[in-house]
Amino acid sequence: MTLVVATGTFDLLHPGHVLYLERSRALGDELVVIVARDVNVRHKAKPILPEEQRRRMIESLKPVDRAVLGEVDDIFRTIEELRPDIITLGFDQHFDPLRLEHDLFRRGLHPRIVRIDEQEPCELCSSRRIVNKILERFRGRRI
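Source: prediction; values computed, not measured. (Residues numbered from 1 in each chain as written. Predicted model: local features only at pLDDT ≥ 70, side-chain atom pairs only at ≥ 80, totals over all residues. Heavy atoms only, no water.)

**Observations regarding the nonpolar core**
Core analysis: the biggest nonpolar cluster contains 15 residues, and Phe-10, Leu-21, Leu-31, Val-33, Ile-58 and Val-64 have the highest contact counts within it. Of all the elements in the fold, those that place two or more residues in this core are strand 1 (3-8), helix 1 (15-25), strand 2 (30-35) and strand 5 (112-116). Discounting chain neighbours no more than four positions away, the residues touching Leu-21 are Ala-6, Phe-10, Leu-31, Val-33, Ile-58, Leu-61, Pro-63 and Val-64. Counting 14 residues, the second largest nonpolar core, distinct from the first, contains Leu-3, Ile-34, Phe-76 and Ile-113. (Core = buried A, V, L, I, M, F, W, Y, C linked by side-chain atoms within 4.5 Å. Buried < 20%, exposed > 50% of the residue type's maximum accessible area, 1.4 Å probe, protein only. Helix = DSSP H or I, 4+ residues; strand = E, 2+ residues; numbered from the N terminus. Contact = heavy atoms within 4.5 Å.)

**Comments concerning the sheet that holds strand 5**
Spatially, 3-2-1-4-5 is the arrangement adopted by the five strands of the open sheet, whose pairing is parallel. Of all strands in the sheet, those bounded by a partner on one side alone are strand 3 (66-69) and strand 5. When strand polarity is set aside, the average angle formed by the axes of neighbouring strands in this sheet is 25°. (Pairing = 2+ DSSP bridges. Axes fitted to C-alpha atoms, helices over the stretch in contact; angles between N-to-C directions.)

**A short note on the pairing of strand 3**
Bridge analysis of strand 2 against strand 3 gives four bridges, and the strand direction is parallel. Bridging from a neighbouring strand, Val-32 pairs with Arg-66 of strand 3.

**Description of the pattern of salt bridges**
One pass over the full model with this rule turns up 12 salt bridges. With a shortest N-O distance of 2.5 Å, Arg-54 and Asp-38 are connected by a salt bridge. Here Asp-38 lies in the loop between strand 2 and helix 2 (51-59) and Arg-54 lies in helix 2, a separation of 16 residues in the sequence. Notably, a salt bridge pairs Arg-107 with Glu-80, separated by 3.3 Å at the nearest N-O pair. Linking Arg-107 in the loop between helix 4 (97-105) and strand 5 with Glu-80 in helix 3 (residues 77-82), this pair joins segments that are 27 residues apart in sequence. According to the relative accessible area criterion, Arg-107 is partly exposed, its value standing at 33%. What emerges from the salt-bridge pattern is a single network uniting Glu-22, Arg-23 and Glu-118. (Salt bridge = Lys/Arg side-chain N within 4 Å of Asp/Glu carboxyl O.)

**Remarks on the layout of surface pockets**
Estimates place the volume of the largest pocket at around 1,200 Å³. Forming the walls of the largest pocket are 49 residues, and the residues nearest its centre are Gly-8, Thr-9, His-43, Lys-44 and Gln-93. Elements supplying a minimum of two residues to the lining of the largest pocket: strand 1, helix 1, strand 2, strand 4 (86-90), helix 4 and helix 5 (127-138). No other element matches helix 5, which puts five residues into the lining of the largest pocket. Its residues assigned to classes, the lining of the largest pocket shows 23 nonpolar, 16 polar and 10 charged. (1 Å grid on protein atoms, 1.4 Å probe; cavity = no way out; pocket = protein on both sides within 12 Å on 5 of 7 lines; lining within 4 Å. Points joined across faces, edges and corners; volume = space filled by probe spheres on them. Nonpolar A, V, L, I, M, F, W, Y, C, P; charged D, E, K, R; others polar.)

This is the structure:
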């Protein structure tokens, strides 16, 4: 049985997230998704949706067998517990695959790291773009 782990923030769910998870699931028999904790999102704006809501949304998707929140203090602890065969990264995730492999190797873990380079070709396949579109449309108006 091949266990695949996908990770991400998954704020404002969009078709790009779905594509990433579908491609991740196709690599194995089980897909577990680690959803970033609010306090650990430092490489972009803080999520709009709270972490538990984001986790529930991801877990409800067809390709996902289970979704868990990551650890607050050690982002690798969940990987140690799951011991996946494969870890997938989205096309725009900030992780360096070689650095990630090195950090995991130091912990005795040897998953294959797969970058999912495919992108969904839509204008609003980005949480940032969705927020910008909302601001543009409703700036100064209450809905």
